[in-house]
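For reference, the chains in residue letters:
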Amino acid sequence: MSEQDIRTAFAEDPFGLLRVKWREVPAGAHRYDTVKLLAMTPVGLVDFWEDRRRDATTGDAYSVRGWYHDLYKKVFRGMSVLDLGSGLGLDGITYAQAGARVTFADIVVENLEILQRLCTEFGIADARFIHLEELSSTASLPGPFDVIYAQGSLINMPANLVREEVQMLLGHLPVGGRWIELAYPRERWQREGALPFDRWGHKTDGIGTPWVEWCDLDKRLQMLSPARFEPLLAFNFHNDDFNWFDLVRRA
């Protein structure tokens, strides 16, 4: 598909285009088809998930994911957290096990079925599971939330559609709430050839990724405006592969 064809497909059905790719959930260095994972026994699924979390957060991987698990397990305790684009739940389930009240929201229903099974096996009784069928579904999420948490899930559409989604999400985040996000920085995009966004996704997240855009603090604050946010954390990490925003809403 040409870039224009992809833009047209996004305009017609943003989540439909993404859904084809993101039933393949990332977990550390690998990705897994959740339809196939649904065939696992409960014990096998739990063992698989715990192995994937360990691989994604320990050893060399600590500098990618483990550090923020250690930080936010404490921060989120007792808070209502929206895990947007929750995938395999390596983050959301970790925070729920540490005492957060997590709402898992995903565009792929099979991903949510996996999360429901895992939460049952882990004894997480107060989790909620929301299937985002279309972009407008974002407006009807069961907030308000203390935290909106987007681990790489808001860089996969053209910027005009991301802004539309961000503005709907803000209806669920009161003043004092936290906006926490992982993205890919401009420095990585430049280092990897400043490719068109419909091609850069193949490099960052594999064949079949329809779109990935870089993000920085100014870009995100602009999309969040006219709401006002104060950065608590905003930095690149892991050799400029990723960046992190922890923003608190002030108005």
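Residues numbered from 1 in each chain as written. Predicted model: local features only at pLDDT ≥ 70, side-chain atom pairs only at ≥ 80, totals over all residues. Heavy atoms only, no water.

Caption draft 1: Summary view of helix α5 (residues 66-75). Here α5 has its buried residues at G66, W67, Y68, H69 and Y72. Next to the buried residues of α5 lie α4 (42-57), α6 (92-97), β6 (147-151), β7 (178-183), β8 (229-237) and β9 (242-249). (Buried < 20%, exposed > 50% of the residue type's maximum accessible area, 1.4 Å probe, protein only. Helix = DSSP H or I, 4+ residues; strand = E, 2+ residues; numbered from the N terminus. Contact = heavy atoms within 4.5 Å.)

Caption draft 2: Spotlight on the pairing of strand β4 (residues 101-106). Judged by how many residues are buried, β4 sits mostly within the fold: five of six residues are covered. Two elements, strand β3 (residues 80-84) and β4, share five bridges in a ladder whose sense is parallel. Looking at the pairing, S80 lines up with R101 of β4. Between the parallel elements β3 and β4, the chain passes through α6 in a crossover that is right-handed. With four bridges joining them, β4 and strand β5 (residues 128-131) adopt parallel strand pairing. If you follow D106 over to β5, its bridge partner there is H131. In this fold, the crossover linking β4 to β5 by way of helix α7 (residues 109-122) has right-handed handedness. (Pairing = 2+ DSSP bridges. Right-handed = clockwise from strand over helix to strand, strands pointing away.)

Caption draft 3: Spotlight on the environment of T34. Within the fold, T34 resides in helix α3 (residues 34-37). Taking C-alpha positions, T34 is 9.2 Å from V108, a pair spaced 74 residues apart along the chain. Residue contacts for T34: discarding those within four places in its chain leaves R23, V25, E110, N111 and I114.

Caption draft 4: Structural view of the pattern of salt bridges. The full count for this structure, using the stated rule, is 15 salt bridges. The closest approach of N and O atoms between D51 and R54, which form a salt bridge, is 2.3 Å. You can see D51 and its partner R54 sitting in helix α4, three residues apart, about one turn around the helix. Under the relative-accessibility criterion, R54 is labelled partly exposed at 43%. Between R178 and D246 there is a salt bridge; the shortest N-O distance is 2.8 Å. Placement of R178 in strand β7 and of D246 in strand β9 is noted, with a sequence separation of 68 residues between them. One salt-bridge network, held together by shared partners, links R188, R191, E192 and D241. (Salt bridge = Lys/Arg side-chain N within 4 Å of Asp/Glu carboxyl O.)

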